[in-house]
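Secondary and tertiary structure notes
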Amino acid sequence: MIIGLTGKSCSGKNRVGRILQEMGLEVWDLDEIAHDGLDANSDAIIKLFGPEVVHQVDGKPCFSRRAIADIVFSDPKMRTKLEDILYPWLKDLVLKWKESHPEGNLVLNGALLYRSGFHKLCDYVIYVDASYYVRQKRAQARDGLSEEAFRLREKSQEDVDFRCVDYGVPLGVVTNDEADMDKLRQQVFNIYEKLIREH
């Protein structure tokens, strides 16, 4: 079974992912794997963005995730071009995992689950919901984002919200406005129990 885990920026997807890991599920952070995809597709990435997004770390070339993020969150066309490079590569990894683990359970944690088409690989989707204000404060504290930078990020994720899109599979929603890990864990556990009963 493949479970999608999604929600807008700073909604708390990673917290939910850690809870699911505690429950024994394998969780892939698609954003982190996509960062590996920068190196795996380095020639295409440099051709797209130019050498300005590469810096030196301990004498070795490394992509600046922040520089790339600044570009793609402010330029939808560049974001689409980046996605066209990374999404096919990511999907290939998921399909290979599914082929080699026919009885396994995998969680795909990614904000852009719908846009990337990964929802079509899922049997179930968990959506992590949090208010705009709460997520903005988290982004400010975690990433140092200004209100304008967060607004641009929010605009780039209009097709994430379950109220706007149909993921096409059963959907469970957990609310993460509070800093209460026990309440969040209980919500996730309830969904997990439901999944086990139905599968």
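Read on for a plain summary of the structure. Bear in mind that the values here come from a model prediction, so they are computed numbers and not experimental data.

What follows is about the pattern of salt bridges. By the definition in use, this model includes 16 salt bridges. Notably, a salt bridge pairs Lys-8 with Glu-154, separated by 3.0 Å at the nearest N-O pair. In this pair, Lys-8 sits in the loop between β1 (2-6) and α1 (13-22) while Glu-154 sits in helix α7 (residues 147-155), placing the two residues 146 residues apart along the sequence. Residue classification places Glu-154 among the buried residues on the basis of a relative accessible area of 12%. Residue Asp-92 is joined to Lys-96 by a salt bridge in which the shortest nitrogen-to-oxygen separation is 3.2 Å. You can see Asp-92 and its partner Lys-96 sitting in helix α5 (residues 76-100), four residues apart, about one turn around the helix. Through salt bridges with shared partners, a single network forms among Arg-79, Glu-83, Arg-115 and Asp-159.

Time to look at helix α8 (residues 181-198). Here α8 spans 26 Å end to end across 18 residues, near enough to the 26 Å set by a 1.5 Å rise per residue. Every buried residue belonging to α8 is among Leu-184, Val-188, Ile-191 and Leu-195, and all of these are buried. All buried residues of α8 fall inside an arc of 60° around its axis, so they share one side. Exposed side chains of α8 directed beyond 90 degrees from the buried face belong to Asp-182 and Arg-197. For α8, the elements touching its buried residues are β1, α1, β6 (124-129) and β7 (171-175).

Cut-offs applied
- Residues numbered from 1 in each chain as written.
- Predicted model: local features only at pLDDT ≥ 70, side-chain atom pairs only at ≥ 80, totals over all residues.
- Heavy atoms only, no water.
- Salt bridge = Lys/Arg side-chain N within 4 Å of Asp/Glu carboxyl O.
- Helix = DSSP H or I, 4+ residues; strand = E, 2+ residues; numbered from the N terminus.
- Buried < 20%, exposed > 50% of the residue type's maximum accessible area, 1.4 Å probe, protein only.
- Expected span 1.5 Å × (residues − 1).
- Arc of directions from axis to C-beta.
- Contact = heavy atoms within 4.5 Å.

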